[in-house]
Amino acid sequence: MPDYEAIIGLETHIQLNTKTKIFCACKADSWFDPPNTNICPVCTGLPGVLPVLNKEVVEKAVLLAVAMHAEVQPVSFFDRKNYFYPDLPKGYQISQYDKPLARGGHLDVPMPDGRVRRVQITKLHIEEDAGKTKNENGRRLIDFNRCGVPLVEMVTGPDLRSADEAAQYIIRLRQLLRWLGVSEADMEKAHLRCDANVSIRPKGADYLNPKTEIKNVNSIVAVRDAIQIEIERQVREVEAGHRIEAWTLEWDEDAAVLRKMRSKETEADYRYFREPDLLPIRMDSERLSVILAELPELPLERRARFVEQYGLPEYDADILTGERSLSDYYEAALKAYGGDPKRVSNWLMNDVLRMINEKGVSAGALRLTPSYLAEVIKLVDAGTVNTSTGKALLDKVESTGRAPGDIVQSEGLAKVSDVDAIRAVCAEVLAENPEQVSTYKGGKVTLIGWFVGQAMKKSRGKADPQKVKAILEEMLK
Ligand SMILES: [Zn+2]
């Protein structure tokens, strides 16, 4: 039995997070709104209306194109893609066809095993979304809210080789979209949608077999599952001597099965022609440089720099650059701290990240600012407070917004390392627990941990636990 490899290309639709739609002033995001509330004559295609291009759509699409290393074209055109469907009121979708906004480009996707897969982008274009059709109790309901929502369509080359690689691509793309601030990239809310083209061939072959297209995968898990199931089906078909036909398949999330939708249309069916109501997009170098002033250092570049510049392990660098606000937070805290980068990373990854996850906010929204975090670490380094007080201090700063030094002073949290004070506390503990003392003296020395706990409690966590233990052991001799 020959071994097969999968050939996978992804077509992604990205909803840009502009306030208004692409060709009218209606609100773009309707996730929380009732059906048909954000619509107007333009986006519902009434006769006599004219589209007006939203400048922000072009700017966000250009940012994405450049971040994908694509070449923004000096002139690009809008075209009408004609098809008849109830949720497309105009009878055509305004899209871009042979002269898209950008061409070429790639995303280097790091895989969990350390390999990097370069995924080529064939083209990137702007288009409007269609409405939504819903079947309910044998009736067909149409919601036009999505009509005219701005999308970027990005098509990859057939460069991915497994379901896992496809999932990793989507994970990295989502990270990039959020990093750039061009899309919320929430798959559950259809801000990021993905169709997958899948074919197989014998390992080592260089030709391409007919492919199937999987539609309607709207989570990372669904991308991985649907592609994996389709690869296995194609292998079974080929092994049984059948041909793979160019079907369009729909992923049924609940049943975790693929259903055949239709035999695939060819592009000629759409009868593309230039949109006569819109001017071409002209992108000269001056306009481009204004937009690119907003382009930040990209996540994978920053990840590499964190390893290089700060000597962080890849694991740390990957987590710290998961979101832009977190990586900005890290660098600001490190600058304020001025010491070991790994020490700041540990505090951030263990404690601050937990706080961020619990509160469901971004790092930039914490009251525990980067400089407060640096101050807490310095207080621990200087021995002013012990580690557990330092960690409790983080929550106190977050809930009050007060400076760590002030809290330490006003609550008397500074560590007690005065031997006489500790000795007094230990003596009290021993006097109050004669039974445990005799058990200990009878040979159960593991009780020392319990005694230390009691003394720490009495000192309200302020005593230095190492010193407490040494003094107790000495007193119990
Ligand atoms: Zn509208």
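That block above? That's the structure.
Presented here is a report on the structure given in the accompanying data block.

Conventions we followed
Residues numbered from 1 in each chain as written. Predicted model: local features only at pLDDT ≥ 70, side-chain atom pairs only at ≥ 80, totals over all residues. Heavy atoms only, no water. Core = buried A, V, L, I, M, F, W, Y, C linked by side-chain atoms within 4.5 Å. Buried < 20%, exposed > 50% of the residue type's maximum accessible area, 1.4 Å probe, protein only. Contact = heavy atoms within 4.5 Å. Helix = DSSP H or I, 4+ residues; strand = E, 2+ residues; numbered from the N terminus. Expected span 1.5 Å × (residues − 1). Arc of directions from axis to C-beta. Salt bridge = Lys/Arg side-chain N within 4 Å of Asp/Glu carboxyl O. Donors = N, O, S within 2.8 Å, 3.2 Å for Na, K, Ca; no water. Tetrahedral: all angles 85-135°; square planar, octahedral: opposite > 155°, others 65-115°. Pairing = 2+ DSSP bridges. Axes fitted to C-alpha atoms, helices over the stretch in contact; angles between N-to-C directions. Parallel < 35°, antiparallel > 145°, perpendicular 65-115°, else oblique. Nonpolar A, V, L, I, M, F, W, Y, C, P; charged D, E, K, R; others polar. Phe/Tyr/Trp six-rings, centres within 6.5 Å; stacked < 30°, edge-to-face > 60°. Polar contact = N/O pair within 3.5 Å; in protein donor to acceptor, adjacent residues only side chain to side chain.

## A few points about the nonpolar core
One recurring pattern in soluble globular proteins: nonpolar side chains tend to sit buried together. Core analysis: the largest hydrophobic core is formed by 72 residues, its most contacted members being Leu-10, Leu-64, Tyr-169 and Ile-227. In this view, Leu-64 contacts Ile-14, Leu-124, Val-152, Met-154, Leu-176, Leu-177 and Leu-180; residues no more than four positions away in its chain are not counted. In this structure, Leu-320, Trp-347, Met-355 and Leu-368 belong to the second largest nonpolar core, which totals 35 residues.

## What to know about helix α12 (residues 419–432)
Taking 1.5 Å of rise per residue, 14 residues should cover 20 Å, and α12 covers 20 Å from first to last C-alpha, within 8% of that figure. Where α12 is concerned, the buried positions are Ile-422, Val-425, Cys-426, Val-429 and Leu-430. For α12, the angular spread of the buried residues around the axis is 135°, confining them to a single face. Exposed residues on α12 whose side chains face more than 90 degrees from its buried face are Asp-420 and Ala-431. Looking at the packing, one finds that the buried side of α12 touches α13 (434–441), α14 (448–458) and α15 (465–475).

## Overview of the pattern of salt bridges
Tallied over the full model, the rule gives 40 salt bridges. Linking Arg-354 and Glu-358 is a salt bridge whose minimum nitrogen-to-oxygen distance equals 3.5 Å. Placement of the pair is Arg-354 and Glu-358 together in helix α8 (residues 341–359), with a separation of four residues, close to one helical turn. Residues joined in a network through salt bridges with shared partners are Glu-297, Arg-302, Arg-305, Asp-328 and Glu-331.

## Digging into the coordination of the zinc ion
Every protein donor of the zinc ion is listed here as Cys-24 (SG), Cys-26 (SG), Cys-40 (SG) and Cys-43 (SG), and their distances to the metal cover 2.3 Å. Coordination at the zinc ion comes from four donor atoms whose angles at the metal span 101 to 113°, giving a geometry best classed as tetrahedral. Each donor residue of the zinc ion belongs to the same chain, and together they define the spacing C-x1-C-x13-C-x2-C. With a gap of 14 residues between them, Cys-26 in the loop between β1 (4–15) and α1 (55–67) and Cys-40 in the loop between β1 and α1 connect regions that are remote in the sequence.

## Here's the deal with the sheet that holds strand β5 (residues 92–95)
Across the sheet, three strands lie side by side as β5-β4-β16; this open sheet has antiparallel pairing. The open sheet has two edge strands with one neighbour each: β5 and β16 (273–274). As judged from the four bridges shared by strand β4 (residues 79–82) and β5, these two strands associate in the antiparallel manner. From the neighbouring strand, Lys-81 faces β5, where its bridge partner is Gln-93.

## Observations regarding the packing of helix α9 (residues 370–381) against helix α11 (residues 404–411)
Packed helix pairs are specified by the crossing angle of their axes together with the interaxial distance, meaning the distance between the axes. Look at α9 against α11: their axes get within 9 Å of each other, and the N-to-C directions meet at 50°. Here α9 is positioned oblique relative to α11, judged by the angle of their axes. Contacts from Tyr-372, Glu-375, Val-376 and Leu-379 in α9 reach Pro-404, Gly-405 and Val-408 in α11. Split by residue class, the contact of α9 with α11 holds five nonpolar, one polar and one charged.

## Some points on the packing of aromatic side chains
Considering all chains together, one arrives at nine aromatic pairs under this definition. Measuring from centroid to centroid gives 5.9 Å for Tyr-310 and Tyr-330, while their planes differ by 75°, and the two rings are edge-to-face. Note that Tyr-310 is positioned in helix α5 (residues 299–310) and Tyr-330 in helix α7 (residues 324–337), a separation of 20 residues in sequence. Judged by its relative accessible area of 18%, Tyr-310 falls in the buried class. Exposure remark for Tyr-330: the relative accessible area of 0% places this residue in the buried category.

## Comments concerning the pairing of strand β7 (residues 106–110)
In terms of residue burial, β7 counts as a mostly covered element, since four of its five residues are buried. Bridge count between β7 and strand β8 (residues 116–128): five bridges; the pairing is antiparallel. Residue pairing for β8: Pro-110 is matched across the bridge by Val-116.

## Some points on the environment of Ser-76
Within the fold, Ser-76 resides in strand β3 (residues 75–76). Note on Ser-76: relative accessible area 0%, which makes it buried. If sequence neighbours within four positions are ignored, Ser-76 has contacts with Gln-96, Lys-99, Pro-100, Leu-101, Pro-280 and Ile-281. Looking at Ser-76, its side chain comes within polar contact range of the side chain of Gln-96, at 3.2 Å.

## Some remarks on the environment of Ala-190
Checked against the element boundaries, Ala-190 lands in the loop between α2 (163–180) and β12 (192–202). Counting along the chain gives 164 residues from Ala-190 to Arg-354, while the straight-line C-alpha distance between them is 28 Å. Every residue in contact with Ala-190, bar those within four places of it in the chain, is listed here: Gln-15 and Arg-146.

## So, the environment of Ser-95
Turning to its location among the elements, Ser-95 is positioned in strand β5. Each C-alpha atom, one on Ser-95 and one on Val-52, is 14 Å from the other, the two residues being 43 residues apart in sequence. The contacts of Ser-95, once residues within four sequence positions are left out, are Phe-77, Phe-78, Asp-79, His-125, Ile-126 and Glu-127. One polar contact links Ser-95 to His-125, side chain to side chain, over a distance of 3.3 Å.

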